[in-house]
Amino acid sequence: MTNLRKIQSFVKRSGRLTPAQEKGLTELWDDYAIEPQGVLDFAKIFSNTHDVVLEIGFGNGDTLVEMAQANPALNYVGIEVYEAGIGRLINSAHIKQLNNLKVMRGDAVEFLSDNIADNSLARFQLFFPDPWHKKKHHKRRIVQQDFLNLLAKKLKIGSVCHMATDWQDYAQQMMEMLETNKNFKNTQSAHIYTPRPEFRPLSKFEKRGNRLGHGIWDLIFTHR
């Protein structure tokens, strides 16, 4: 187990599961779940050598499923602790017959440290992480220098790190952390956010925010 971070950046939610979510967590689990046992061999897991995209905190999974469906030549791995979201994603992937999407349940930092090989990821995605909006809780935000340094070890040179948030002060923190980390370079000019790329699907949550006039900030950096 890693000692990188003892402060937890997520809250485990519990609640009643729908039959579809329950099916995803039981009947379909073995088809889509990755059980972390040592360093993972993605070529063996996916039966191909396609580039691997890792997303942390995929929520209900709808946008990750949409991306996997739109990009069959990429392999997607999602990490989440929210069981209803995991069950929903698995059931949806089954319905759409996706074979390029897998899920891991638990602490993303532990998986990165213990189960994901160095220089093995082609893209990293972190969309709308818990903002821990109270200042006293900012230390719980996952985007910190220790996390970025760990992530950099797992990314291939030239790979992409893509983050998005609807909290302006968190966007500013992300920008500061990424721009001051020697492992990452902004794809835009200094201190400039990336216009929302078409390949990042709009979630229901984001569409509602747009209607209410909420801002969205995308940051796309490359690993150098």
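Refer to the structure presented above.
Fair warning: this is a prediction, and the values are worked out from it, not measured in the lab.

**Let's talk about the packing of aromatic side chains**
- Under the definition given, this model contains two aromatic pairs.
- Seen from their ring centres, Phe42 and Phe46 are 6.5 Å apart, and the 40 degrees between their planes marks the pair as tilted. Taken together, the positions of Phe42 and Phe46, both in helix α3 (residues 42-46) and four residues apart, correspond to about one turn of that helix.
- With a relative accessible area of 9%, Phe42 lands in the buried category.
- Positioned over the ring face of Tyr170 is Arg141, at 4.4 Å from the centre of the ring.
- Between the NZ or CZ atom of Arg200 and the centre of the ring of Phe127, over which it lies, the distance is 5.6 Å.

**Considering the side chain of Glu55**
- As for its position among the elements, Glu55 is in strand β1 (residues 52-56).
- Although buried, Glu55 forms no salt bridge, and the nearest oppositely charged side chain, Arg200, lies 8.9 Å from it.
- At 2.7 Å, the side chain of Glu55 forms a polar contact with the side chain of Gln125.
- The residues contacting Glu55, other than those within four sequence positions of it, are Leu64, Val77, Gly78, Ile79, Gln125 and Phe127.

Calculation notes
Here the residue numbering is sequential within each chain, running from 1 through the sequence in written order. Local features in this predicted model are restricted to residues whose pLDDT is 70 or higher, and side-chain atom pairs enter the listing and the counts only when it is 80 or higher, whereas totals over whole chains, interfaces and linings include all residues. To get the side-chain values, take all heavy atoms of the structure and skip hydrogens and water. Each Phe, Tyr or Trp ring, with Trp reduced to its six-membered ring, pairs with another whose centre is within 6.5 Å; inter-plane angles below 30 degrees give stacked pairs, above 60 give edge-to-face pairs, and intermediate values give tilted ones. Helix and strand assignments come from DSSP, with helices taken as H or I runs of at least 4 residues and strands as E runs of at least 2, each series counted from the N terminus. Throughout this description, buried means an accessible area under 20% of the type-specific maximum (1.4 Å probe, protein chains only), exposed means over 50%, and partly exposed covers the range between. The criterion for a charge sitting over a ring is simple: Lys NZ or Arg CZ within 6 Å of the ring centre, and within 35 degrees of the ring normal. Think of it this way: Lys and Arg go in the positive column, Asp and Glu in the negative one, and His and the chain ends go nowhere. Counted as salt bridges are all cases of a side-chain nitrogen of Lys or Arg within 4 Å of a carboxyl oxygen of Asp or Glu. Any pair of nitrogen or oxygen atoms within 3.5 Å is treated as a polar contact; in protein, a donor-acceptor pairing is required on top of that, and neighbouring residues in sequence qualify only through side-chain atoms on both sides. Residue contacts are counted whenever heavy atoms from the two residues lie within 4.5 Å of one another.

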